[in-house]
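Observations on the three-dimensional arrangement
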Amino acid sequence: MTEIAVPDGADTSTPAGILRLANAFCDAKALLSAVELDLFSTLRAGPRTREEIAAGLGLHGRGLRDWLQLLVGLGLLERDGERYRNAPGADRYLVRGERHYVGGFLQRSNRNLYPAWGRLTEALRTGKPQAGGDFFTMIKNPRLLEQFADMMDALTHVLGPQLIEAYDGWGSYGSVLDIGGCRGNMAAQIVAAHPHLEGHVFDLPQMAPLFIARMAELGTADRVTFHPGDFFTDPLPRADIVVLGHALHDWDTEQRRFLVGKAFDSVRPGGVLLVYDRMLDEDPRHVENLVISLDMLLVTEGGSEYTVAELREHAHAAGFTAVTDRPLGDYDTLVVCHRPQ
């Protein structure tokens, strides 16, 4: 029988372990509220007492000690006498404005995914998304669109170096296109690591102002070009290397097949398509990817994670020949699809 990994090693063969697992959402919300309140940025300046934290964040005070102690227990804070400070991981990844900040993803989780998971039962009964507002409504709101871009940047901050290291063919080509590349954070990392490459990003027109600001911030405005459009209806630019990262899981099987076919047309002969995503396998211990697939149930009309086998089928149907796959980081899979000359 397969053993299943659960949070904190909770032993689900016991009542205590089952109850612990059932309350794992409390740990998550303690962290999400800390990011929402920007606690970790506040503590970057140095340790503070409960009273100083309450005054700085505008908190009532009731429950504050327990919340801070829980964050200590979760390894996010450290306590020295009456003062609290960031633990190393929180100080590196949860301080707003720092290069490795991943709080953009957590803020999106707090606003959208956390409430939506409270309606998982309804989603399973109806097959309908449960998050408030669809993507095309979100992109009309500049504030929400920037929050979405922050979330994508948080992901690509982590995955960018991993993708650059995992694929060894960058030097064989002259151009790279990131389809659905948001405001260009991934493309900018790639061209910074491989200066000979000409970078391109294809995304919806509403992303253009955020792209311009991001490229100016990173100093890559002359290295990466933005192409506005809808990848279902508009032609894609051509490039030697085409990237589809965390994009196909937003759509159903037939839509994924269609997009891989469009990507084939975008790849120049002899070039490659790089697809990375939280792909699924038959091992139920890989709970992180199953959770992300259920995220897609909750926030999209037909999206889900998918298997490497499904992607191989789409790639071969489109005309790609050699198709290989390898792990990417902790949870993703990278699939490399070669277009023949």
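Coordinates for the structure precede this section.
Now for a quick tour of the structure. (Residues numbered from 1 in each chain as written. Predicted model: local features only at pLDDT ≥ 70, side-chain atom pairs only at ≥ 80, totals over all residues. Heavy atoms only, no water.)

**Let's talk about the sheet that holds strand β6 (residues 224–228)**
Operational definition: Think of it this way: DSSP has to see at least two bridges between two strands before they count as a pair. Here a strand is any run of E in DSSP of at least two residues, a helix any run of H or I of at least four, and the numbering for each starts at the N terminus. What counts as an axis is a line fitted to C-alpha atoms, over the stretch in contact for a helix, and the angles between N-to-C directions run from 0 to 180 degrees.
Taken together, seven strands build an open sheet; the order of strands is β6-β5-β4-β7-β8-β10-β9 and the sheet is mixed. At either margin of the open sheet sits one strand with a lone partner, and together these are β6 and β9 (323–328). Strand-to-strand twist across the sheet, computed as the mean angle between neighbouring axes with direction ignored, equals 20°. Direction of pairing for strand β5 (residues 198–203) relative to β6: parallel, over a ladder of five bridges. Bridge pairing links Val201 to Phe226 in β6.

**Description of the pattern of salt bridges**
Rules: When a carboxyl oxygen of Asp or Glu lies within 4 Å of a side-chain nitrogen of Lys or Arg, that pair is called a salt bridge. Only protein chains enter the area calculation, which uses a 1.4 Å probe; residues under 20% of their type maximum are buried, those over 50% are exposed, and those in between are partly exposed.
If you walk through the whole model with that rule in mind, you get 20 salt bridges. Asp38 is the salt-bridge partner of Arg96, the closest N and O atoms lying 3.2 Å from each other. Of this pair, Arg96 sits in the loop between α6 (88–93) and α7 (103–117) while Asp38 sits in the loop between α2 (24–36) and α3 (39–43), and the two are 58 residues apart along the sequence. Classification of Arg96 by relative accessible area gives partly exposed; the value is 42%. A salt bridge links Arg257 to Glu254, with the nearest nitrogen and oxygen atoms 3.6 Å apart. Separated by three residues within a single helix, Arg257 and Glu254 lie in helix α13 (residues 253–266), roughly one turn from each other. We classify Arg257 as partly exposed; its relative accessible area is 27%. Ionic contacts of the salt-bridge type, sharing partners, join the residues Asp150, Asp153, Arg183, Arg214 and Glu217 into one network.

**Some thoughts on unusual backbone geometry**
Trans is the prevailing form of peptide bonds, just as negative phi is the prevailing case for residues other than glycine. Backbone geometry at Cys182 places phi at a positive 55°, although glycine is not the residue there. Take Cys182: its relative accessible area is 5%, and that puts it in the buried class. Look at His246: it is not a glycine, yet its phi comes out positive at around 50°. By secondary structure assignment, the location of His246 is in the loop between β7 (239–245) and α13. On the basis of relative accessible area, His246 is assigned to the buried category, the value being 11%.

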